[in-house]
Each structure stands twice: as structure tokens, then as C-alpha cells.
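Coordinates in review
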Amino acid sequence: MNDSKLYSQEAEQSVLGAIMLDEIAFDIVTEVGLQASHFYGGNHKLVFEAITHLSESAQPTDVVTVAERLELTGKLEAASGAAYLSRMVDITPSIDNAKAYAEIIIDRSRRRSLVALSGDIRAKIDEGAETEEVKDYTATQLQRMDDDCNTGDIISGDDALRLAITRIDERFNFEGDDWTFGIDQLDKMLVPEPSRVIGIIGATSSGKSTLAQTAAETSLNMGIPVFYATMEMPPAQMMNRFISSAGDVNRDFLRDPRGFANPDEQWPRLAAGTQKLKGLPLTIDGGARQTISTLTARIKAWVRKMKAEGHTERLLVVVDHVHLMSMPGKDIVNELGNISKGLKFLALETGVCILPLFQVNRGITNRPDRRPMKHDIRDSGKIEADLAAVIGVYRDEIYNPDTEYKGVAEAIISKSRDGELGTAYMKDDLRFSRFGNLSDSFQSQN
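A brief look at the structure comes next. Note that the structure is a prediction, hence the values are computed from the model and not measured.

Conventions we followed
Residues numbered from 1 in each chain as written. Predicted model: local features only at pLDDT ≥ 70, side-chain atom pairs only at ≥ 80, totals over all residues. Heavy atoms only, no water. Phe/Tyr/Trp six-rings, centres within 6.5 Å; stacked < 30°, edge-to-face > 60°. Helix = DSSP H or I, 4+ residues; strand = E, 2+ residues; numbered from the N terminus. Buried < 20%, exposed > 50% of the residue type's maximum accessible area, 1.4 Å probe, protein only. Pairing = 2+ DSSP bridges. Axes fitted to C-alpha atoms, helices over the stretch in contact; angles between N-to-C directions. Contact = heavy atoms within 4.5 Å. Parallel < 35°, antiparallel > 145°, perpendicular 65-115°, else oblique. Nonpolar A, V, L, I, M, F, W, Y, C, P; charged D, E, K, R; others polar. Lys, Arg positive; Asp, Glu negative; His and termini not counted. Salt bridge = Lys/Arg side-chain N within 4 Å of Asp/Glu carboxyl O. 1 Å grid on protein atoms, 1.4 Å probe; cavity = no way out; pocket = protein on both sides within 12 Å on 5 of 7 lines; lining within 4 Å. Points joined across faces, edges and corners; volume = space filled by probe spheres on them.

For the rest of this paragraph, the subject is the packing of aromatic side chains. By the definition in use, this model includes seven aromatic pairs. Here Phe227 and Trp302 contribute two aromatic rings whose centre-to-centre distance is 5.5 Å and whose plane-to-plane angle is 55°, an arrangement assigned as tilted. Of this pair, Phe227 sits in strand β2 (residues 226–230) while Trp302 sits in helix α14 (residues 292–308); the two residues are 75 residues apart in sequence, bridging distant segments of the chain. Taken individually, Phe227 and Trp302 each receive the classification buried, so the pair is uniform in this respect. Here Tyr394 and Tyr399 contribute two aromatic rings whose centre-to-centre distance is 5.9 Å and whose plane-to-plane angle is 15°, an arrangement assigned as stacked. Relative accessible area serves as the criterion here: at 4%, Tyr394 is assigned to the buried category. On the basis of relative accessible area, Tyr399 is assigned to the partly exposed category, the value being 21%. These aromatic residues form a ring-pair network of at least three members: Phe26, Phe39 and Phe48.

Strand order in the open sheet formed by nine strands is β3-β2-β4-β5-β1-β6-β7-β8-β9, and the pairing between neighbours is mixed. Either end of the sheet is taken by a strand with one partner, and the two such strands are β3 (282–285) and β9 (434–436). Averaged over all adjacent pairs, the angle separating strand axes in this sheet is 25°, with direction ignored. Pairing of strand β4 (residues 316–320) with strand β5 (residues 353–359), which is carried by four bridges, proceeds in the parallel orientation. Across the sheet, residue Val319 finds its bridge partner in β5, namely Pro356.

With respect to the helices and strands, the residue Val318 is situated in strand β4. Sequence separation of Val318 and Ala216 is 102 residues, and the distance between their C-alpha atoms is 7.8 Å. Apart from residues lying up to four places away in sequence, Val318 is in contact with Ala212, Phe227, Tyr228, Ala229, Leu355 and Leu357.

A separate point is the packing of helix α3 (residues 42–56) against helix α4 (residues 63–72). Working note: a packed helix pair is described by the angle between its axes plus the distance between those axes. The interhelical angle for the contact between α3 and α4, taken along N-to-C directions, is 105°, at an axis separation of 9 Å. By the angle between their axes, α3 is roughly perpendicular relative to α4. Contacts between α3 and α4 involve Leu46, Val47, Ala50, Ile51, His53 and Leu54 on the former and, on the latter, Thr65, Val66, Arg69 and Leu70. Across the contact of α3 with α4, the residue classes break down as seven nonpolar, two polar and one charged.

The next thing to look at is the side chain of Arg112. You can see Arg112 is positioned in helix α6 (residues 98–126). Of the side chains bearing the opposite charge, Glu12 lies closest to the buried Arg112, which forms no salt bridge; the N-O distance is 4.9 Å. Not counting chain neighbours up to four residues away, the residues in contact with Arg112 comprise Leu6, Tyr7, His38, Phe39 and Tyr40.

The next subject is the layout of surface pockets. Each pocket or cavity is described by its volume, and for the largest pocket that value is around 530 Å³. Going through the elements one at a time, α2 (24–31), α14 and α15 (332–350) are the ones with two or more residues in the lining of the largest pocket. Of the residues that constitute the lining of the largest pocket, the class distribution is five nonpolar, seven polar and six charged.

Here we come to empty space enclosed by the protein. On inspection of all chains with the given rule, the structure shows two cavities of 30 Å³ or more. Approximately 40 Å³ is the volume attributed to the largest cavity. Forming the boundary of the largest cavity are Ala203, Ser206, Ile364, Arg370, Pro372, Val393, Tyr394, Arg395, Ile398 and Tyr399. Considered class by class, the residues forming the lining of the largest cavity number seven nonpolar, one polar and two charged. Estimated volume of the second largest cavity: approximately 30 Å³.

Such coordinate-based values are descriptive only and should not be taken to indicate function.
In C-alpha cells, the structure reads:
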């Protein structure tokens, strides 16, 4: 058989080069199941093992750190040396094809296993084994080769029961503050939880980003790390919103400090807001038009880093917003479904709480009640099935300038697997980039 059908040196070199070029590539290739055992070249296996160790330890995976790791373990020479590592990076222009190369490596590994199995089968037949014995052996070996068969998440009912009781006990005895959105009335109905995807939906300018930011700022002030993927604005502009909320700085001042009517009172607020934000565990990802694979890889790398730093209980991810993500296919409904499923699996795998933001269908403006519900997600298909809860954000003054509800926003829970459905009312503090609590008298009236 042609050796090129059993292994690809180019694919193996390109995958390793991509990872040492950009550590995000490690999550991209491990997402498809690539392991050290899949590599044909023994030197390449050693390099991938070193990379895996560094990545799981939340360390960089560039040429220098990989070479140092191999030298520390006495395997640098067996891995073909530091110059060979550098050459693999030099021949890899980008990480764009890393996933495809990883799939080639896995495929070639399976072919080699099948060739070896065919030899074993022939040997058993030559040794006089019964036909049924050979069939059973073949079936067993094929099952072991099935890299997609992962039973690690299959547990007994008793074990699942113990896990559930342990989780309830941890919640009851948890000494820190309850995880909240930062809006009292909303928190009585729904709160962030690990391994959950809670969609926030709304029309343009409704305030869905503001609700997500309010939740993020609340988490940060509780010491909960936040990964904020903003595809709608650059990181500096996103940070302006956090400064505005933290320091009561008027957003108009941040947009145009020279033209603001009374800037003198804003400067001390700006300084105070900046001071409050320093040192908070916030990560802002300003990558535009990301694919679900790239975003997932970045979040996984961040999760590993946070857990290495001791943050093991609660982590929050905001994706603002899903409709701005890259969708290479022509079927938008199908592409959005892939994204929502990717976020669901990511939450389950990593334990993070994810708040993805979605636009709503334009047709919502043509009906008498324009409050967004779960079925209003644009090009939704079956997105809502992947969401544990859906919060629609509505401000009546967008459609009715003379409304008596100016300064009031609604958080409409139209889906909640474990919680309550209904509407929470919020104070519209958009000039300070946040939502807040309304007076008790207003809430009692509604």
C-alpha cells in the first residue's frame, strides 16, 4: 500500500507548526479528537505530548517553551531538535487549515490500525481459530478503534443521584454571594448557573448588550471571571461601557469629551470608574467574524487558564452577538443551529455559563405587541431548543416616544427549563450603560 495513504508528514508538521504559531490551534485540533497516539512520527508524538502538557498547565505553546519542555524531559534530541521545531513553524503560514490537517492525521491513524488488525485476523485464522471467535475479536477491536465512542460521561443512576445531592448541598452551604444578574426582580425568577446557555434577545437598541454587560459587571464585582466576546465593537469601546457604569460617567462624555457641556464633573467619575475596574478578572475578545470553532477554542484556552489560577466554580461568557459570527455555509438557519449547539456543548463540557445575544426578526415591528419572545429569534430554526432560558429585552419608548413607561425596560423570560416565566421590570440607565432596580412602588404596581 502507498505510504501516503497511511500517514502524512506534511499534515503532522503543519498541525504542530500551527499550534506553536498560535496556541488557539491546540483547542481547534483537540476539538476533533487529535491525540499524541494518532501521530505516525515518533518525534511528532513527543512534540505533541510536550504541547499538551504546556497547554493543560496554562503555559504558552510557542517554539521556545516547547523546546524547553522537551529539553527538561530529556527528549529534545529525539524530537529532532529546536531547529526542527522552528522549521515546522516557518512552513506553516497560518492556523486556517489546522482542523483539516488534524482530521487527516486521525484518518491515517485509523487506516494504520485497520492494516494492523487485518494482519492479526489473518494470524488468528492461520492459527486455526473458530470463525465466531475471529468475528468476536474483530468486533471488539473495531469498537476500541472508534475514537468517537466516548463513554466517559456514562454513569449509573446512583452516581448521578450522588452528584445531584452533592450539588444541592454545595449550593446550600456556599458561603459566598448568590450568582445574580444584578437586577433584583429578574434574580427572583432566573439566575446564571454553571453549564447553562441563557439567550438574550431583542431588537436593535433595545438594550440586550446592556443587560449582558450588567450581568458581566455584577459577576466581576463578585470575583467571577468574565470572557466577553464582542463582535459589534472594538475592545476599547466596549471598555468605555464598563467605565461608564462603574463610575457613573455619562456615555456622551466618553464619546465626545471636548464637546460635552459640563466635563469637569465627569473627569473625577472617569478616574473612579477606572480605579474600580482595575484588577477585575475581565477578558475582552474583540475578534470580528469568528467561527464557532475559533470562538470555542479561545474560550477553552481561557477556561484552562482560569482554572489553573484557581477559579473552579463559576465562569461567565458573553457572546455579543451570535448573528455577527462567521457563517461559511449558505444555509443561515443551519449555520445558526450549529453555533447554538456548539455553545451548548461548550457549556456542558467546560461548566461555564454562556450568555449569547441574538437579534430578533424584523417582522416583530409589524405586530401590535412587539415584546420579543423565544420564537422571534432571527433565522432561528430550532435555536431555542439549545437554550436553557430565553430573556427578551423590551423598551416601550423605542416604539412609543410618549409612553408613560419612559426609563423602564422589561426582561421577559419566555423560556426557562427550571425557573419561572414572566416579566421583570428594570430601571433604564442607558446613559450609564446599565440597567438597575426600579422603586418598590413601581414594582408593586406591576
